[in-house]
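# Remarks on the overall topology
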Amino acid sequence: MRVTSENKGFTLIELIVTVSIAAILAAVAAPSFTKFIDESRDRAVVQQLLKSLIAARSEAVVRGTTVTVSAISGNWANGWQSWIDNNSNGSYDDGESIQKSTAVNASATITGDRGGTAVSSVAFTRDGFLNDSAAIAISYRTSPEYCPRDRNISVSLTGQVSISERSCP
């Protein structure tokens, strides 16, 4: 009688070694993956605000009226909404909204500034110009502070919207 060995599986030792190596690799990769997710969230919030400002400017030109992007409850970190002041009372009312966005990163701060004065809204005229006396800068700051992910959004008097990285010390 001929004895042959036709084992087609793994030994217990081989499985333990493989699972151990996979666990070590996962432990090493997890912090990098978390950092990647946080960076993606920050980038998404800034891009979402940038796109909202650009869309509001376009809507102002297309509709031939002033379109405002304002912080929800006066705080940009809560989100923002684009709206048209249909009744000309200078404030947002139900039914005037074009678009509404909520910020996704609760730990970041978003602030608007016009020459040292806090700004909670940006308005574009029917010609696409900024309806203001000075350019507006909107700052996105991570918390805890991580300078490479921080961004600045600038709105010039001509209505041009641009994004730049924060100058880190």
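Whatever comes next refers back to the structure up there.
Values in this document were obtained by computation on a predicted structure and should not be read as measured data. (Residues numbered from 1 in each chain as written. Predicted model: local features only at pLDDT ≥ 70, side-chain atom pairs only at ≥ 80, totals over all residues. Heavy atoms only, no water.)

### Focus: the pattern of salt bridges
Heads up, the condition is: Here, a salt bridge means any side-chain nitrogen of Lys or Arg that lies within 4 Å of a carboxyl oxygen of Asp or Glu. Each helix corresponds to a stretch of at least 4 residues labelled H or I by DSSP, and each strand to a stretch of at least 2 residues labelled E; elements are numbered beginning at the N terminus. Between buried and exposed lies partly exposed: a residue is buried under 20% and exposed over 50% of the maximum accessible area for its type, with that area taken using a 1.4 Å probe on protein chains only.
One pass over the structure, following the stated rule, counts five salt bridges. Across the salt bridge formed by aspartate 38 and arginine 41, the nearest N and O atoms sit 3.7 Å from each other. With a gap of three residues between them, aspartate 38 and arginine 41 both fall in helix H1 (residues 12-63), about one helical turn apart. For aspartate 38, a relative accessible area of 29% corresponds to the partly exposed category. Put simply, aspartate 132 and arginine 114 hold a salt bridge, and the shortest N to O gap is 2.8 Å. A residue pair is termed long-range when its members are at least 10 positions apart, and aspartate 132 in the loop between strand E6 (121-124) and strand E7 (136-141) and arginine 114 in strand E4 (residues 109-114) qualify at 18 residues. Residue classification places arginine 114 among the partly exposed residues on the basis of a relative accessible area of 24%.

### Brief notes about the nonpolar core
Note the threshold: For our purposes a nonpolar core is just a set of buried Ala, Val, Leu, Ile, Met, Phe, Trp, Tyr and Cys residues, chained together by side-chain atoms within 4.5 Å.
Among the nonpolar cores identified, the biggest contains 26 residues, and Leu53, Trp76, Val122 and Ile138 are the most heavily contacted of them. Taken together, the elements giving at least two residues each to this core come down to H1, strand E1 (67-71), E6, E7 and strand E8 (151-155). Tallying contributions element by element places H1 first for this core, with seven residues.

### Description of the sheet that holds strand E2 (residues 80-83)
What counts is decided by this rule: Paired strands are those between which DSSP finds at least two bridges. Only the contacting stretch of a helix is used when fitting its axis, a line to C-alpha atoms as for every element, and angles between N-to-C directions run 0 to 180 degrees.
Ordered in space as E3-E2-E1-E6, the four strands form an open sheet in which the pairing is antiparallel. Each edge of the open sheet is held by one strand with a lone partner, namely strand E3 (97-101) and E6. Adjacent strand axes in the sheet meet at a mean angle of 15° when their direction is disregarded. Here four bridges tie E1 to E6, and the two strands are oriented antiparallel to one another. Its bridge partner being in E6, valine 67 is matched across the sheet by phenylalanine 124.

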